[in-house]
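Report on the structure
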Amino acid sequence: MKLPLYYSVNVNDLKTSKKIINLINNKDYVFISLHVAEENNKDYIKNTIELCNLLKIKHARVIADISPRTLKRFMHIEWTMDLRLAKSLN
């Protein structure tokens, strides 16, 4: 029986994270931190959604570390974007 592997991806380094996601097999675990202070660029929300959608396609088991500050940040965006993020995390 093959045991699952554990990975960590970074929203701020989407190019490297996509390479890591290509290595993931069904049911591998992936840690993603969604409250890193440095990740404050204009594409943060778009990149987070893209990354979560890619992980969903790979059937990864996502472990997300998220802070109240980040949740508040996502609540200030257009509600459809909020809904897209929620769907990508399911």
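Structure: see above.
Residues numbered from 1 in each chain as written. Predicted model: local features only at pLDDT ≥ 70, side-chain atom pairs only at ≥ 80, totals over all residues. Heavy atoms only, no water.

The next thing to look at is the overall build of the protein chain. Looking only at helices and strands, the protein chain features four helices and three strands. Of the regular secondary structure in the protein chain, the N- to C-terminal order runs β-α-β-α-β-α-α. Look at the contacts in the protein chain between residues 6 or more apart in sequence, and 73% of them connect residues 24 or more apart. Approximately 6,200 Å² of the protein chain is accessible, and the part contributed by carbon and sulfur atoms is 58%. (Helix = DSSP H or I, 4+ residues; strand = E, 2+ residues; numbered from the N terminus. Contact = heavy atoms within 4.5 Å. Areas by Shrake-Rupley, 256 points an atom, 1.4 Å probe, with all protein chains shown as cover.)

The three strands are arranged S1-S2-S3 in an open sheet whose pairing can be described as parallel. Only two strands of the sheet have a single partner each, and these edge strands are strand S1 (6-9) and strand S3 (61-65). Ignoring strand direction, the axes of neighbouring strands in this sheet form an average angle of 25°. Taken together, the four bridges between S1 and strand S2 (residues 29-33) define a ladder with parallel strand orientation. Across the sheet, Val9 pairs through a bridge with Ile32, a residue of S2. (Pairing = 2+ DSSP bridges. Axes fitted to C-alpha atoms, helices over the stretch in contact; angles between N-to-C directions.)

This paragraph deals with helix H1 (residues 14-23). Residues of H1 that are buried include every one of Leu14, Ser17 and Ile21, and no others. All buried residues of H1 fall inside an arc of 55° around its axis, so they share one side. Opposite its buried face, H1 presents the exposed residues Lys15, Lys19, Asn22 and Leu23, each directed more than 90 degrees away. Each element contacted by the buried residues of H1 is listed here: S1 and helix H2 (44-57). (Buried < 20%, exposed > 50% of the residue type's maximum accessible area, 1.4 Å probe, protein only. Arc of directions from axis to C-beta.)

What follows covers the nonpolar core. Counting residues in each nonpolar core, the largest one holds 15 residues, and the members touching the most others are Val9, Ile24, Val30, Leu51 and Leu55. Setting aside chain neighbours within four positions, we find Leu51 in contact with Val9, Asn10, Val11, Leu14, Ser17, Ile21 and Ile32. (Core = buried A, V, L, I, M, F, W, Y, C linked by side-chain atoms within 4.5 Å.)

Secondary-structure assignment places Lys19 in helix H1. We classify Lys19 as exposed; its relative accessible area is 54%.

All right, on to the side chain of Asp28 then. With respect to the helices and strands, the residue Asp28 is situated in the loop between H1 and S2. A distance of 2.9 Å separates the side chain of Asp28 from the backbone nitrogen of Leu5, its partner in a polar contact. A polar atom in the side chain of Asp28 sits 2.9 Å from the backbone nitrogen of Asn25. Residue contacts for Asp28: discarding those within four places in its chain leaves Lys2, Pro4, Leu5, Tyr7, Leu23, Ala60 and Arg61. (Polar contact = N/O pair within 3.5 Å; in protein donor to acceptor, adjacent residues only side chain to side chain.)

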